[in-house]
Amino acid sequence: MRKITEIVIHASATRPDWMTERPITDKLAEIRRWHTTDRGWSDIGYHLLIDRDGTVAAGRPLERTGAHVRGRNTGTIGICLIGGHGSAKTDAFHDNFTIRQHAALKAQIAALQARFGTLRVTGHNQYAAKACPGFSVPQWLATGRDTRAPETPKDSSTEAARLRWRLAEIRDTAASALGGA
Ligand SMILES: [Zn+2]
């Protein structure tokens with residue numbers, strides 16, 4: 001196994017309804033096609049993909065160096081969240097991704113740290129002038145959630161999204177307090 005020191009988070013830059021109702025394996029195959037057929041790489045550039053519903057799929061084997069962040073592929077694992085089309089690096093996690101993706105990403109990071117030891121966790125936008133993954137990873141890590149949830153929700157769907165987020169957060173906190181996370 002190569003030495004792993006860091007996880008770099010990415011987004012697929014696809015719309016929220018991209019290939020909706022299709023399994024993560026189909027999305028993986030499509031992104032692999034972009035990276036191999038279109039770009040001429042040997043395989044998909046990312047090691048893990050996390051779908052909108054939190055389903056995780058393995059891309060390039062962890063043993064192999066990925067192709068996801070220029071100059072930083074050595075020693076890193078690339079995790080790609082499905083979504084993020086039109087995102088900005090100043091967006092909050094939940095502006096572009098789901099609560100299930102939040103939980104799945106946290107779980108994947110924990111699992112990788114359990115396997116490889118303490119790893120630095122960063123976002124692509126810390127190394128390139130890109131929006132990817134469409135939020136600030138340091139801020140997301142520091143708070144465990146979005147800090148810029150709207151103070152005054154613009155409409156009921158925003159309010160519902162905010163409440164769902166809060167509920168998931170409470171559930172996460174309760175689960176970890178009870179040791180069931
Ligand atoms: Zn990226």
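Above this note sits the structure.
Residues numbered from 1 in each chain as written. Predicted model: local features only at pLDDT ≥ 70, side-chain atom pairs only at ≥ 80, totals over all residues. Heavy atoms only, no water.

Turning our eyes to something else, we now look at the packing of aromatic side chains. Here the distance between the centres and the angle between the planes together describe a pair of aromatic rings. Under the definition given, this model contains six aromatic pairs. Ring centres 5.4 Å apart and planes at 45° place the aromatic pair F93 and F97 in the tilted group. We classify F93 as buried; its relative accessible area is 2%. What makes F97 buried here is its relative accessible area of 4%. Consider the rings of F93 and F135, whose centres lie 4.9 Å apart with planes at 70°: the pair is edge-to-face. In this pair, F93 sits in helix α2 (residues 93–96) while F135 sits in the loop between β5 (120–123) and α4 (137–143), placing the two residues 42 residues apart along the sequence. Considered together, F93 and F135 belong to a single accessibility category, that of buried residues. (Phe/Tyr/Trp six-rings, centres within 6.5 Å; stacked < 30°, edge-to-face > 60°. Buried < 20%, exposed > 50% of the residue type's maximum accessible area, 1.4 Å probe, protein only. Helix = DSSP H or I, 4+ residues; strand = E, 2+ residues; numbered from the N terminus.)

What follows covers the pairing of strand β1 (residues 6–11). For β1, the buried fraction is high: six of the six residues fall into the buried class. Both faces of β1 are covered, namely the face carrying E6, V8 and H10 and the face carrying I7, I9 and A11. Sheet analysis places β1 next to strand β4 (residues 76–81), joined by six bridges and oriented parallel. From the neighbouring strand, E6 faces β4, where its bridge partner is T76. Bridging between β1 and β5 involves four bridges; their strand directions are parallel. (Pairing = 2+ DSSP bridges.)

The residue after C132, namely P133, is reached through a cis peptide bond having omega 5°. Relative to the assigned elements, P133 resides in the loop between β5 and α4. At M19, a residue that is not glycine, the phi angle is positive and equals roughly 50°. Checked against the element boundaries, M19 lands in the loop between β1 and α1 (24–38). We classify M19 as buried; its relative accessible area is 17%. Of note, the phi angle at E21 is positive, near 75°, even though the residue is not glycine. Topologically, E21 is positioned in the loop between β1 and α1.

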